[in-house]
Structure formats: structure tokens, C-alpha cells
Amino acid sequence: SVRIPTTEPLEPCPNPVALQVCRESRIHTLRRYVPIRHGRLETATSYMDPRSDFLWLSHDFDLEILDDLRSVYGHGLTCVTRVLVEELGIWADEDVERVVTLLQAFERLQLIRVILEEYSFSEEDQSIATPDEYLETAEKLLARDSPLLQRHSWRVEYTDRDGNIYGYFEPS
């Protein structure tokens with residue numbers, strides 16, 4: 001497959017409005033938000049709150065994409081403390097060991113949130129998965145992932161799309 005480079009973000013990420021109110025507000029806001037500056041495209045620069053914002057790593061996240069991120073955002077990636085992945089995306093059985101290796105590039109990473117997938121969909125596009133099914137999936141993933149995660153200081157949470165946590169790995 002061939003990736004098509006874009007010159008605009010997939011969706012606009014407006015700057016925090018407090019940056020434009022007054023000098024004091026800007027100073028206060030920059031204590032919390034970190035600019036993530038694109039090396040070549042000013043329109044792709046955004047702000048991130050490392051204590052609450054997640055970087056979503058899509059199903060095609062790989063070494064090439066990581067290298068691209070490093071080349072355009074450089075030092076800005078060091079502020080990433082939280083990532084979001086999908087169970088059936090890069091966290092799938094055959095990929096998880098490779099992904100754990102790639103995640104080491106995020107030096108300050110603290111939390112990985114794995115979104116548990118709904119295996120069936122109704123015509124109304126509502127989840128058919130029950131909390132018990134999510135719990136069962138989380139337990140299987142935890143058993144699979146724990147040996148790989150022992151060497152790292154990351155917390156991993158297995159959640160549904162509403163943010164309900166069904167299991168987690170806590171480093172010892």
C-alpha cells in the first residue's frame with residue numbers, strides 16, 4: 001500500500017482559547033499545554049495536555065510512521081504520556097510484541113489505553129457486547145500481555161469505548 005502525504009491535519013485542532021485572552025492567561029495555559037510543533041507545516045501544529053490528552057495510534061502504526069513522527073515533531077513527542085490503541089488494531093495478537101517495542105520511543109509514556117472492540121453490531125449500530133464479554137476479553141489480553149509488560153513502567157487499561165475499565169496491568 002502507498003501512503004498519500006497530506007498537508008493538513010485530518011481534523012482541525014484549535015489552539016486553547018486561553019492562549020488568546022491575555023498575557024497572564026497565556027502564561028498560565030502554557031504551564032499545562034505543550035505545543036507539538038510540526039517541523040514543516042505550521043497548520044499541523046497543535047497543543048497537548050500531557051496529563052489528560054491521548055495520542056491515538058491507528059491500526060497502521062509502524063516504524064515508518066514512528067520515524068515520520070520523529071522527523072516532523074522531533075522533541076515534541078517526548079511530552080506524550082498517554083496513548084490509545086485498539087484491541088483489533090495494532091494491539092492484535094500478531095502485533096503486540098512489535099508495538100511494545102515501538103512504544104519505547106515515547107520516553108515519558110505512562111498509560112496505554114486499549115479499546116476493547118465490539119465483535120458484533122446490530123442494525124442500530126449499538127454494541128451487543130456485554131460487560132461480561134468485555135471482562136472476559138480483558139482477562140485474556142491481560143494474561144497474554146503481562147509477560148511483555150513486566151519490563152516497563154506503563155499502566156495498561158482495557159476499556160470499552162465509554163471508558164469503563166474491565167482490567168488493567170499495573171507495573172510492580
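Each remark here, short or long, concerns the structure printed above.
Please read these numbers as outputs of a predicted model, since none were measured by experiment.

**Some remarks on the overall build of the protein chain**
- Along the backbone of the protein chain there are four helices and seven strands.
- Taken from N to C terminus, the helices and strands of the protein chain fall in the order α-β-β-β-α-β-α-β-α-β-β.
- Split into buried and exposed, the 172 residues of the protein chain put 39% on the buried side.
- Within the protein chain, contacts between residues at least 6 apart in sequence are counted, and of these 62% link residues at least 24 apart.
- Accessible surface, the protein chain as shown: approximately 11000 Å² in total, 51% of it carbon and sulfur.

**Some words on the packing of aromatic side chains**
- Going through the model one piece at a time under the given rule, you end up with two aromatic pairs.
- Residues tyrosine 134 and tyrosine 166 carry aromatic rings whose centres are separated by 5.2 Å and whose planes lie at 35 degrees to one another, so their mutual orientation is tilted. One end of the pair, tyrosine 134, is in helix H4 (residues 131-149); the other, tyrosine 166, is in strand E7 (residues 165-169), with 32 residues separating them in the sequence.

**Digging into the sheet that holds strand E5 (residues 111-115)**
- Taken together, five strands build an open sheet; the order of strands is E3-E4-E5-E6-E7 and the sheet is mixed. The two strands at the open ends of the sheet, each matched to only one other strand, are strand E3 (55-56) and E7.
- In terms of strand pairing, E5 meets strand E6 (residues 155-159) through five bridges, oriented parallel. Across the sheet, isoleucine 112 pairs through a bridge with valine 156, a residue of E6.
- Along the sheet, H4 contacts E6 and E7; its crossing angle with E7, the most-contacted strand, is approximately 10 degrees.

**Describing the nonpolar core**
- If you look at the biggest cluster of nonpolar residues, it comprises 36 residues, and the most contacted ones within it are Trp91, Leu103, Phe106, Ile112 and Tyr158.
- Of all the secondary-structure elements, those providing two or more residues to this core are helix H2 (63-73), strand E4 (82-86), helix H3 (96-103), E5, H4, E6 and E7.
- Ignoring anything within four residues of it in the chain, the contact list for phenylalanine 106 reads Leu55, Leu57, Phe61, Leu66, Leu77 and Val80.

**Section: the side chain of glutamate 87**
- For glutamate 87, the location among the structural elements is in the loop between E4 and H3.
- Within the buried core, glutamate 87 has no salt-bridge partner, and the shortest N-O distance to an opposite charge, that of arginine 144, equals 7.2 Å.
- Engagement of the side chain of glutamate 87 in a polar contact is seen with the backbone nitrogen of glutamate 117, the distance being 2.9 Å.

**Examining the pattern of salt bridges**
- Inspection of every chain in the model, using the stated rule, returns 10 salt bridges.
- Here arginine 51 and aspartate 49 are joined by a salt bridge, their closest N and O atoms 3.5 Å apart.
- A salt bridge links glutamate 170 to arginine 155, with the nearest nitrogen and oxygen atoms 2.3 Å apart. With glutamate 170 in the segment after E7 and arginine 155 in strand E6, the pair connects residues that are 15 residues apart, well separated along the chain.

**Here's the deal with the packing of H3 against H4**
- Interaxial distance between H3 and H4 falls to 11 Å at its minimum, and their mutual angle equals 40 degrees. In terms of axis orientation, H3 runs oblique to H4. Note on packing geometry: the crossing formed by H3 with H4 is right-handed. Where H3 abuts H4, its residues Val96, Glu97 and Val100 lie against Arg144, Asp145, Leu148 and Leu149.
- The residue makeup of the contact of H3 with H4, split by class, is four nonpolar, no polar and three charged.

Rules used throughout
- Residues numbered from 1 in each chain as written.
- Predicted model: local features only at pLDDT ≥ 70, side-chain atom pairs only at ≥ 80, totals over all residues.
- Heavy atoms only, no water.
- Helix = DSSP H or I, 4+ residues; strand = E, 2+ residues; numbered from the N terminus.
- Buried < 20%, exposed > 50% of the residue type's maximum accessible area, 1.4 Å probe, protein only.
- Contact = heavy atoms within 4.5 Å.
- Areas by Shrake-Rupley, 256 points an atom, 1.4 Å probe, with all protein chains shown as cover.
- Phe/Tyr/Trp six-rings, centres within 6.5 Å; stacked < 30°, edge-to-face > 60°.
- Pairing = 2+ DSSP bridges.
- Axes fitted to C-alpha atoms, helices over the stretch in contact; angles between N-to-C directions.
- Core = buried A, V, L, I, M, F, W, Y, C linked by side-chain atoms within 4.5 Å.
- Lys, Arg positive; Asp, Glu negative; His and termini not counted.
- Salt bridge = Lys/Arg side-chain N within 4 Å of Asp/Glu carboxyl O.
- Polar contact = N/O pair within 3.5 Å; in protein donor to acceptor, adjacent residues only side chain to side chain.
- Parallel < 35°, antiparallel > 145°, perpendicular 65-115°, else oblique.
- Left-handed = near helix turned anticlockwise from the far one by under 90°.
- Nonpolar A, V, L, I, M, F, W, Y, C, P; charged D, E, K, R; others polar.

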